[in-house]
Amino acid sequence: MTTQPTASHFINGAYVEDTSGTEIPVIFPATGEVIATVYSATPAIIDQALDAAKAAQKAWAKMTGTERGRILRRAADMIRERNHELSVLETYDTGKPLQETLVADATSGADALEYFGGLAATLTGEHIPMGEDWVYTVREALGVCVGIGAWNYPTQIACWKGAPALACGNAMIFKPSETTPLCALKVAEILHEAGLPAGLYNVVQGLGDVGASLVNDPRVDKVSLTGSVPTGKKVYAAAASGMKHVTMELGGKSPLIIFDDADIENAVGGAINGNFYSSGQVCSNGTRVFVHKNIKEVFLKRLSERLEGAVLGNPLDEAVNFGPMVSERQMGIVLDYIAKGKEEGARLISGGERVDMEGFFVAPTVFADVTDEMTIAQEEIFGPVMAVLDFDDEDDVIARANATDFGLSAGVFTRDLTRAHRVIGALEAGSCFINSYNDAPVEAPFGGVKASGVGRENSKEAIQHYSQVKSVYVRMGDVEAAF
Ligand code: NAD
């Protein structure tokens, strides 16, 4: 398969190139090879995308929800038909194992298009009786939405933002992460093949400066960012100065609390999913694993045994279940955190180093005896590094779990039903799990509290963030006025 896209950008229903922008090499993280080159959007390209989106949006919003939804559902079917090819591209773009991308990326994007395609026709207002008079409400599109993506789930993010935006009658300009620019172009291509009118889903490439130009442009009504907290603060502030709507899907340092009555195998499985899926490059990961003192050693023993099942290698080989870091830079960041964990006295249980093979591989790493003030317990690492902390008291572990600025996710493993709900009820997090970790179906709201974000993606909640309500008071009688 060819990994070089037809052109860098997709604007107004067609591929567009402008090689005068900064060159962005696309690197396959499993080998370090350059597999494609794209060019950062110049001001002229950004302008073209904004004009196309602005021109197309009003007619799209005037179509019925059923008509809009039909196009999204057709695109979902096409994505599923092409799942293998799209998954291979996602693996080239990110380095994630094909074993994962075949089930978690294009398929998750298709779910979003299908779900919001189905909802599009149901976006109605309310009738509010006021005696003889009444008020009615109309759910309206926002206008032009900008989506800015992170590099860990490029296809999924492109769809999780595009699908609700389009369902509500908006136009979208999506800027993928400069590290993984390939997959969003395929989403745009498929949406248009499915019948989306030109100009409604545009992709422009570029670094942060291109994202910033889009966020600051007066033609833009809403910005949805998936990225780190520092970027989120900048983008939120820029959007506020133009009084734009925002969704912020940011980072986390989420707690996973395992009580001594938990099913150990399931708890170990949850901790593995919550730390090593996508080589740990998942925002909602449960990277602070609080394990009750009574079961700590048995937990660590089973964890170490099960880590032997990690198969590292070329992620295009379907037998491989653990891939490289997305980039050499990210590998460096993760290795620095591992060095800090060692320096600050955490007990290394497994991994702890770069793997001696081609590509940006870091071994699945577990530290035990981690304490709350250690750097690896405080900062988001975004790599395969699990910190295991001890606890023996429920109230204490809740307080420690909440003692962070982040609030994306939280999980609890216990067989005690009332404790499970009590503890989850007390945890400051947006996306929570009981006896599970990291399930993110499109039907469930997804997003964080505190510094981890604003707004929600997926589910009916996302509709609130891609539309606004107009209320209309209708008077049946005469108008009374003071003079
Ligand atoms: P990042 O913050 O470095 O970049 C995110 C995106 O923002 C990129 O496309 C980048 O080009 C763009 N950007 C950078 N500066 C900008 C600016 N000033 N204005 C506009 N756009 C700008 O994040 P990353 O390294 O690509 O991704 C990793 C981070 O994303 C982690 O913190 C992770 O937790 C988070 N993340 C969150 C979610 C979620 O849903 N909550 C999902 C995936 C990743």
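In this text the structure is predicted, and so the values were computed from the model without any measurement.

## Remarks on the site of the ligand
Around the ligand, a shell composed of 28 residues is seen, among which Gly 149, Glu 178, Ser 228, Thr 231 and Glu 380 lie nearest. The side chain of Trp 151 places a nitrogen or oxygen atom 2.9 Å from an oxygen atom of the ligand. Here an oxygen atom of the ligand sits 2.9 Å away from a polar atom, N or O, in the side chain of Lys 175. Taken by itself the ligand offers 850 Å² of open surface, and the protein chains cover 87% of this.

## A few points about the sheet that holds strand β6 (residues 133–141)
Spatial ordering of the open sheet is given by β5-β6-β20, a layout of three strands whose pairing is antiparallel. Two strands lie at the open edges of the sheet, namely β5 (127–130) and β20 (467–474), each paired on one side alone. Strand after strand, the sheet turns through a mean of 20° between neighbouring axes, direction not considered. Sheet topology places β6 next to β20; eight bridges connect them, and they run antiparallel. Counted as the bridge partner of Arg 139 is Val 469 from β20.

## Focus: the UniProt feature "active site" (unreviewed entry) in the protein
Per the UniProt record, "active site" (unreviewed entry) is found at Lys 161, Glu 249, Cys 283 and Glu 457. You can see Lys 161 is positioned in helix α6 (residues 154–167). Taking the relative accessible area as the measure of exposure, Lys 161 reaches 0% and is therefore buried. Positionally, Glu 249 belongs in strand β11 (residues 245–249). If we ignore the near neighbours within four places in the chain, the residues touching Glu 249 are Leu 225, Thr 226, Gly 227, Leu 408, Phe 446, Gly 447, Gly 448, Ser 452, Gly 455, Arg 456 and Glu 457.

## Details of the side chain of Glu 90
Turning to its location among the elements, Glu 90 is positioned in helix α3 (residues 83–94). A polar side-chain atom of Glu 90 sits 3.2 Å from a polar atom in the side chain of Lys 96.

## Here we look at the packing of α6 against helix α7 (residues 183–193)
Contact geometry of α6 with α7 gives a least axis separation of 8 Å together with a crossing angle of 40°. Relative to α7, the element α6 is oriented oblique. You can see that α6 and α7 cross each other, and the crossing is right-handed. Seen from α6, the contacting residues are Pro 154, Thr 155, Ala 158, Cys 159 and Leu 166; seen from α7, they are Cys 183, Ala 184, Val 187 and Leu 191. Considered class by class, the residues forming the contact of α6 with α7 number eight nonpolar, one polar and no charged.

## Focus on a negative patch on the surface
Taken together, the side chains of Glu 343, Glu 344, Glu 373 and Glu 379 present a region of like negative charge at the surface. Mapped onto the secondary structure, Glu 343 falls in helix α12 (residues 328–343). By relative accessible area, which is 67% here, Glu 343 ends up exposed.

## As for helix α1 (residues 43–62)
Compared with the 28 Å implied by 1.5 Å per residue over 20 residues, the 30 Å span of α1 between its first and last C-alpha is a close match. Roughly 30° is the biggest bend found in α1, and it falls at Ala 56. Of the positions making up α1, those classed as buried are Ile 45, Ile 46, Ala 49, Leu 50, Ala 52, Ala 53, Ala 56, Gln 57 and Trp 60.

## Structural notes on the nonpolar core
In this structure, Leu 113, Phe 116, Ile 173, Leu 191, Tyr 201 and Val 204 are the most contacted members of the largest nonpolar core, which totals 83 residues. Contacts of Tyr 201, omitting those with residues within four sequence positions, involve Phe 10, Ala 158, Gly 162, Leu 166, Met 172, Phe 174, Ala 184, Val 187, Ala 188, Leu 191, His 192 and Leu 196. Counting residues in hydrophobic clusters, the runner-up holds 30 residues, among them Phe 290, Phe 360, Val 362 and Ile 381.

## A few points about the sheet that holds strand β18 (residues 431–434)
The mixed open sheet is built from seven strands, whose spatial order is β14-β15-β16-β13-β12-β17-β18. Bordering the open sheet on either side are β14 (347–350) and β18, each of which pairs with just one other strand. On average, adjacent strands in this sheet sit at an angle of 20° to one another, irrespective of strand direction. One ladder, built from five bridges, connects strand β13 (residues 288–292) with strand β16 (residues 385–391); its direction is parallel. Bridge pairing in β16 links Val 289 to Val 388.

## Some points on the environment of Glu 428
When you line up the elements, Glu 428 lands in the loop between α15 (417–426) and β18. Using a relative accessible area of 38% as the deciding quantity, one classes Glu 428 as partly exposed. The spacing of Glu 428 and Asn 314 is 114 residues in sequence and 38 Å in space, taken between C-alpha atoms. Discounting residues that sit within four places of it in the chain, Glu 428 has contacts with Asn 402, Phe 406, Gly 407, Val 449 and Lys 450.

Basis of the calculations
Throughout this description, residue numbers start from 1 for each chain and increase along the sequence as written. Local features are withheld for residues below a pLDDT of 70 in this predicted model, meaning they are given only at 70 or higher, and side-chain atom pairs are given and counted only at 80 or more; totals for whole chains, interfaces and linings count all residues. With hydrogens and water excluded, all non-hydrogen atoms of the structure serve as input to the side-chain values. Here a residue is considered near a molecule or strand provided that any single heavy atom belonging to it is located within 4 Å of it. N or O atoms within 3.5 Å of each other form a polar contact, as long as, within protein, one can give a hydrogen and the other can take it, and as long as residues adjacent in sequence are counted only when both atoms are side-chain atoms. Residue burial considers only the protein chains on display, and all accessible areas are found by Shrake-Rupley using a 1.4 Å probe. The rule for pairing is simple: two strands pair if DSSP sees at least two bridges between them. In this description a helix means any DSSP run of H or I spanning at least four residues, a strand means any run of E spanning at least two, and both kinds are numbered starting from the N terminus. Angular values range over 0 to 180 degrees, each being the angle between N-to-C directions of two axes fitted as lines to C-alpha atoms, with helices fitted over their stretch in contact. UniProt positions are given in the numbering used here, feature names are shortened, and annotations may be inferred rather than shown by experiment. Here the term buried applies to any residue with accessible area under 20% of the maximum for its type, exposed to any over 50%, and partly exposed to those in between, with areas from a 1.4 Å probe on protein chains only. Residue contacts follow a heavy-atom distance rule, with two residues in contact if any of their heavy atoms lie within 4.5 Å. Any angle that falls under 35 degrees is termed roughly parallel, while one over 145 is termed roughly antiparallel, one within 65 to 115 roughly perpendicular, and all others oblique. The sense of a crossing depends on the near helix, which, turned anticlockwise from the far helix by less than a right angle, makes the crossing left-handed and, turned clockwise, makes it right-handed. For this classification, Asp, Glu, Lys and Arg are treated as charged, while Ala, Val, Leu, Ile, Met, Phe, Trp, Tyr, Cys and Pro are nonpolar and the rest, including Gly, are polar. Nonpolar side chains (Val, Leu, Ile, Met, Phe, Trp, Tyr) within 5 Å and like charges within 9 Å form the patches, drawn only from residues with over 30% relative accessible area and no salt bridge. The salt bridge criterion pairs a side-chain nitrogen of Lys or Arg with a carboxyl oxygen of Asp or Glu, the two atoms within 4 Å. We treat Lys and Arg as the positive residues and Asp and Glu as the negative residues; His and chain ends play no part in the count. Positions of charges follow a simple convention, taking NZ of Lys, CZ of Arg, CG of Asp or CD of Glu. The span expected for a helix works out to 1.5 Å for each residue beyond the first. Here the bend at each residue means the angle between axes fitted to two seven-residue stretches, the one ending at that residue and the one beginning there. As used in this record, nonpolar core signifies buried Ala, Val, Leu, Ile, Met, Phe, Trp, Tyr and Cys residues forming a set joined through side-chain atoms within 4.5 Å.

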